[in-house]
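Survey of secondary and tertiary structure
Here is how the chains run, residue by residue.
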2 protein chains.
Amino acid sequence: MNSSKNSSNDHRLICTVDIVLLTLREGQLQVMLLKRDREPFDGALALPGGYVHTDEDQGCEDAAQRVLLQKAGLQSPYLEQLASFSGPARDPRGWSVSVAYFALVAAPEHGQPGQHWLPVDRLPQLPFDHGRIVAMAVERVRNKSQYSSLPVYLCTEPFTLPELHAIYAALLGEAINPVSFRRKMDELGMLEPVPGAKRADGAHRPAQLYRLKDEYRRTLRLVGRGLNA
Amino acid sequence: MNSSKNSSNDHRLICTVDIVLLTLREGQLQVMLLKRDREPFDGALALPGGYVHTDEDQGCEDAAQRVLLQKAGLQSPYLEQLASFSGPARDPRGWSVSVAYFALVAAPEHGQPGQHWLPVDRLPQLPFDHGRIVAMAVERVRNKSQYSSLPVYLCTEPFTLPELHAIYAALLGEAINPVSFRRKMDELGMLEPVPGAKRADGAHRPAQLYRLKDEYRRTLRLVGRGLNA
DNA sequence: TAAATAGTGTCTCTTAGACAATATGGC
DNA sequence: GCCATATTGTCTAAGAGACACTATTTA
């Protein structure tokens, strides 16, 4: 049965990667969108993405890194697979699978030309199913922020504890007890003070600068019991 | 540049789904494997899987449900997307993407013919990258069991609290304080006692039987602060 | 030295775990 | 009634939040 479908070519389909590149600026989680320069949806703002190149990529994550470098000029920020999205209708070119990733970076000083950073809570309608993809990425990031060190990847090193505290609070959308916050960061043992370095930022006591310990630079740390926000 | 690759056919590739079907029997998490009846790896034990059928599936999840029905005779147990696995070498047929799902079922009375249930902690070498896929599924399930109602999908309804307690303990691999466990289940408000129904199981007080409230039948509940095991 | 934020000490409150007491069915 | 496990009550301990206090800088 079904012999007419059994050539393996019948099972080949379009496979792309899409990147939800997130940062925090002005206290808001923002996503990077690019203006598309080809059909479909030529001219629309959309997630950076592209085809998987089977001749060079060793996996979809390679494709994601490639897209990130080419389209955002970024080398290896925090990158995590989000989920795959698939179906006959999400891409007008036909039945497709997109393996979506999300990446976190510290707010870039100068965006590259053509990059548009938009607050994730006030996005226009996006092409394909990019709206859903962004929504899932945001949910994942907010959720993980409750019980992990994920938000450090939104900071430029070195950073102060008050700065990191503000980032957690912005992500979670609520105040976090500063005493508990310090206790937790202390327990995690992931940060080390930069000797003698402080950040003065007004007419008051300057804050100690911290950096990630090397051994935690590429690893998430989990907070016992979460931040209990 | 690259104009030689720009026909969309160059970007089509093999896409499959694989299912990690898990259950708990004899206090162990076990995974269902099938003996493959074709190349590659003809005759080897492997995860049930199959090609995505672009002519009938509305998405990879449809394909997963289809595979689950055809190969395990199961209709819609708990099913969740795990992750996608891809690369040039994982499948000898060429560069491929597999969207992996995991599913939970109560221990089936009589396995279907050809099904092999093996404890996840003592698996032989598996073909493709199925070993890695199973490992990730197990990690996900154990992790989610710490702070959600996921394990109820491993129970046959109705069940008693001591039964559910034993399932959590087996999954997490450690004792759980029974008083805290009851408190948590109570707070979740997800279970309701089946009026008058008890399960007698020896020369002692029988236990109250519970069932999932309808509104929670397809939803995970999250435990505040987890089970703190 | 006043103002302002950084950072610490400590008390309180919530919640998890320990343990003891009670309940109930089979024998 | 005895045994074994179910179920509940209550005390204790650990950890989170509140709040007050000290530290350190600029103006």
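Residues numbered from 1 in each chain as written. Chains lettered and ligands numbered in written order. Predicted model: local features only at pLDDT ≥ 70, side-chain atom pairs only at ≥ 80, totals over all residues. Heavy atoms only, no water.

How big an interface is tends to be reported as the loss of accessible area on association of its parts. Listed as interface residues are 27 residues of chain B and, on the opposing side, 27 residues of chain A. For the pairing of chain B and chain A, the buried interface totals around 2,700 Å² over both sides, and the portion due to carbon and sulfur atoms is 55%. Broken down residue by residue, the surface that chain B buries against chain A is led by H11(B), R12(B) and W95(B), which jointly contribute 24%. Where chain B touches chain A, the interface holds 0 salt bridges. At the boundary of chain B and chain A, one finds 6 residue pairs in polar contact (both at pLDDT 80 or more). When contributions to the side of chain B that touches chain A are tallied by element, the ones reaching two or more residues are β1 (12–25), β5 (78–87) and β6 (96–104) of chain B. Ranked by the residues each element gives to the side of chain B that touches chain A, the list is headed by β5(B), at 5 residues. (Contact = heavy atoms within 4.5 Å. Buried area = accessible area lost by both parts, 1.4 Å probe. Salt bridge = Lys/Arg side-chain N within 4 Å of Asp/Glu carboxyl O. Polar contact = N/O pair within 3.5 Å; in protein donor to acceptor, adjacent residues only side chain to side chain. Helix = DSSP H or I, 4+ residues; strand = E, 2+ residues; numbered from the N terminus.)

This brings us to the relation of the copies chain B and chain A. Turning chain B through 180° and shifting it by 0.0 Å along the axis lays it on chain A, with an RMSD of 0.0 Å. Look at the turn and shift together and you get a two-fold axis relating the two. Most of the interface of chain B is mirrored in chain A, where 100% of its interface residues are also at the interface. (Least-squares fit on C-alpha atoms with pLDDT ≥ 70 in both.)

Another point: the pattern of salt bridges. When charged atoms on two side chains of opposite charge get close, those side chains can pair. Counted according to the given criterion, the structure contains 26 salt bridges over all chains. A salt bridge links R217(A) to E157(A), with the nearest nitrogen and oxygen atoms 2.9 Å apart. In this pair, R217(A) sits in the segment after β10 (207–212) while E157(A) sits in the loop between α2 (130–145) and β8 (159–160), placing the two residues 60 residues apart along the sequence. Classification of E157(A) as partly exposed rests on a relative accessible area of 31%. The salt bridge involving R199(B) is made with E163(B); its shortest N-O contact spans 2.4 Å. Of this pair, R199(B) sits in strand β9 (residues 191–199) while E163(B) sits in helix α3 (residues 161–172), and the two are 36 residues apart along the sequence. (Buried < 20%, exposed > 50% of the residue type's maximum accessible area, 1.4 Å probe, protein only.)

Quick look at the state of the cysteines now. What is meant by a disulfide is a covalent connection between two cysteines, made through their sulfur atoms. Residues and elements named next belong to chain A. Counted by the stated rule, this structure contains 0 disulfides over all chains. No disulfide involves C15; its sulfur sits 4.6 Å from the nearest other cysteine sulfur, which is in C60. Overall, C15 belongs to the buried group, its relative accessible area being 1%. (Disulfide = S-S within 2.5 Å.)

Our focus in this paragraph is the UniProt feature "domain: Nudix hydrolase" (unreviewed entry) in chain A. Taken from the UniProt record, the annotation "domain: Nudix hydrolase" (unreviewed entry) applies to residues 12–140 of chain A. For the annotated span residues 12–140 of chain A, helix accounts for 19% and strand for 40% of the residues, and the straight-line distance between the end C-alpha atoms is 30 Å. (UniProt positions renumbered as here; feature names shortened; annotations may be inferred.)

Attention now moves to the packing of aromatic side chains. All names here are of chain A. Summed over all chains, the structure comprises 8 aromatic pairs over all chains. For the pair F41 and F128, a centre-to-centre distance of 4.8 Å together with 70° between the ring planes defines the contact as edge-to-face. Of this pair, F41 sits in the loop between β2 (28–35) and β3 (45–46) while F128 sits in the loop between β7 (115–119) and α2; the two residues are 87 residues apart in sequence, bridging distant segments of the chain. Its relative accessible area of 34% is what places F41 among the partly exposed residues. Both rings, one in Y168 and one in F181, keep their centres 5.3 Å apart while their planes meet at 65°; by these two values the pair is edge-to-face. Of the two residues, Y168 sits in helix α3 (residues 161–172) while F181 sits in helix α4 (residues 178–188), which places them 13 residues apart along the sequence. Here Y168 matches F181 in class, with each residue buried. (Phe/Tyr/Trp six-rings, centres within 6.5 Å; stacked < 30°, edge-to-face > 60°.)

So, on to the sheet that holds β8(A). All names here are of chain A. The sheet built from 3 strands is open, its strands ordered β8-β10-β9 with antiparallel pairing. On the outer flanks of this sheet lie β8 and β9 (191–199), each paired with one strand and no other. Pairing analysis gives 2 bridges linking β8 to β10, with the strands arranged antiparallel. Opposite F159, over in β10, you have Y210 as the bridge partner. (Pairing = 2+ DSSP bridges.)

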